[in-house]
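Here are the chains, one letter per residue:
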Amino acid sequence: MSVIALLKPNKPADDPKSYRPISLLCVPFKILERMIHSRIEPVVDSQLPKEQAGFRRGRSTVDQVTLLTQDLEDSFQAKAKAGVVLLDLTAAYDTVWHRGLHLKLLRTIPDRHMVNFIMEMLSNRSFILQTSDGQRSRLRRLRNGVPQGSVLSPMLFNIYIFDLPVTTSRRYGYADDLAIMLHQPTWKAVEEGLNQDMDVLAAYLRSWRLQLSTGKTVSAVFHLCNREARREL
């Protein structure tokens, strides 16, 4: 696999984090992935939680935004106070733990041979990094993660997080992006409920070797009281 590093707009060129990796996969591998995807999609999709809208037929970000907006409107009607936490994972696809993914594939796909075949595709992968000026790195091997740019990777990630723990807050998910919303009569109840749910989710993410991006995980409040316009959780 070849990975090309492209500099993000208005980012310093001397910082490795300023580059977006674009992976190029071979055509036979892409065809094989589409065949596997069409074979397992009907089996997997029925087991994914309804809160997950990422890369599923008949679901999109618009559905989740509409649902969140409607729930916030309902909280206004109830004269409640609503808090939302928008969670973002650090390099989510690149940090998928292969042994954990293998276990969850066995839970969702009732064909051990298919599961072993998928895991064989993910193992022993290697890549070479290329820059825009033609420089190339040495061959590096990948021990975790699912291929970037792969047709199958979004489904594999959905399987990897299909068993997110139950929370008091309502969840809205799209691939590796997750939002939770809770409305209560008081801000104290909102904060306590969201903190408890964040503890539950953080413990789950640690156990499956995923990491929250603290810089991109933010909170917001929604209410109709102008006197508390500057309110923060």
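What you see as residue numbers is a count from 1 along each chain, following the sequence as written. Residue-level local features of this predicted model are given only where pLDDT is at least 70; pairs of side-chain atoms are given and counted only at 80 or more, and the full residue set underlies all totals for whole chains, interfaces and linings. With hydrogens and water excluded, all non-hydrogen atoms of the structure serve as input to the side-chain values.

Per an unreviewed UniProt entry, the protein chain goes by the name Reverse transcriptase domain-containing protein and belongs to Muraenolepis orangiensis.

J.: Help me understand the sheet that holds strand β3 (residues 81–88), please; the structure alone is not making it clear to me.
T.: Through backbone hydrogen bonds, the strands of a sheet pair up, either in parallel or in antiparallel fashion. At least two bridges found by DSSP between two strands are what make those strands a pair. Counting from the N terminus, the helices are the DSSP runs of H or I reaching at least four residues and the strands are the DSSP runs of E reaching at least two. Taken in spatial order, the four strands line up as β6-β7-β3-β8 in an open sheet, and their pairing is antiparallel. The two strands at the open ends of the sheet, each matched to only one other strand, are β6 (170–174) and β8 (218–222). Ignoring which end each strand starts from, the neighbouring axes of this sheet average 20 degrees apart. The pairing of β6 with strand β7 (residues 177–184) spans five bridges and is antiparallel. Paired with G173 across the two strands is L178, which belongs to β7. Sheet strands touched by helix α2 (residues 61–77): β3, β6, β7 and β8. Its angle to β6, the strand with the most contacts, is close to 160 degrees. The axes used here are C-alpha line fits, helices contributing only the stretch in contact, and every angle between their N-to-C directions lies in the interval 0 to 180 degrees. It only takes one pair of heavy atoms within 4.5 Å for two residues to be counted as in contact.

J.: Sorry if this is basic, but what is going on with the nonpolar core here?
T.: Looking at soluble globular proteins, one finds that nonpolar side chains tend to be buried together. Residues enter a nonpolar core if they are buried and are Ala, Val, Leu, Ile, Met, Phe, Trp, Tyr or Cys, with the set joined through side-chain atoms within 4.5 Å. Under the scheme applied here, a residue whose accessible area is under 20% of the maximum for its type counts as buried, over 50% as exposed, and between as partly exposed, the area being computed with a 1.4 Å probe on protein chains only. Core analysis: the biggest nonpolar cluster contains 44 residues, and I40, L101, L105, I109, I118 and Y160 have the highest contact counts within it. Of all elements in the fold, only α1 (27–45), β3, α3 (98–108), α4 (112–122), α5 (153–160), β7 and α6 (187–207) reach the threshold of two or more residues within this core. Considering every element that reaches this core, the biggest residue donor is α6, with seven residues. With sequence-adjacent residues up to four places away left out, L101 is seen in contact with V96, M119, L122, V146, L156 and Y160.

J.: Where do I start with the packing of aromatic side chains in this structure?
T.: What characterises a pair of aromatic rings is the spacing of the ring centres plus the angle enclosed by the ring planes. Any two rings among Phe, Tyr and Trp, with Trp reduced to its six-membered ring, count as a pair given centres within 6.5 Å; such a pair is stacked if its planes are under 30 degrees apart, edge-to-face if over 60, and tilted if neither. With the rule as written, the count across this model stands at four aromatic pairs. Summarising the aromatic geometry, the rings of F55 and Y174 are spaced 5.8 Å apart at their centres and angled 40 degrees between planes, so their arrangement reads as tilted. Placement of the pair is F55 in the loop between α1 and α2 and Y174 in strand β6, with a sequence separation of 119 residues. Judged by centre distance (6.2 Å) and plane angle (50 degrees), the rings of W97 and W208 are tilted. Placement of W97 in the loop between β3 and α3 and of W208 in the loop between α6 and β8 is noted, with a sequence separation of 111 residues between them. Here W208 falls in the buried class, since its relative accessible area comes to 13%. One aromatic cluster is present, formed by W97, Y160 and W208 through successive ring pairs. One Lys or Arg, R209, reaches over the ring of W97 and ends 4.0 Å from the middle of that ring. Look at NZ for Lys and CZ for Arg. If either is within 6 Å of the ring centre and within 35 degrees of the ring normal, a charge sits over the ring.

J.: Is there a simple way to explain the UniProt feature "domain: Reverse transcriptase" (unreviewed entry) in the protein chain in this structure?
T.: Within this numbering scheme, the UniProt entry marks residues 1–233 as carrying the feature "domain: Reverse transcriptase" (unreviewed entry). Each end of residues 1–233 is marked by a C-alpha atom, and these two atoms are 44 Å apart; helix forms 37% of the span and strand 21%. UniProt positions are given in the numbering used here, feature names are shortened, and annotations may be inferred rather than shown by experiment.

J.: So what exactly am I meant to see when it comes to the packing of α3 against α4 here?
T.: Relative orientation and spacing of two packed helices are given, respectively, by the angle between their axes and the distance between those axes. Where α3 meets α4, the closest approach of the two axes is 10 Å, and the angle between their N-to-C directions is 160 degrees. Between α3 and α4, the angle is such that the two are roughly antiparallel. Of the two possible hands of crossing, α3 and α4 adopt the one that is right-handed. Counting all contacts with α3, which are made through H98, L101, H102, L105 and L106, the residues of α4 involved are R112, V115, N116, I118, M119 and L122. Angle categories are assigned with fixed cut-offs, so that under 35 degrees is roughly parallel, over 145 is roughly antiparallel, 65 to 115 is roughly perpendicular, and the rest are oblique. In this scheme the handedness of a crossing depends on how the near helix is turned from the far one: anticlockwise by less than a right angle means left-handed, clockwise means right-handed.

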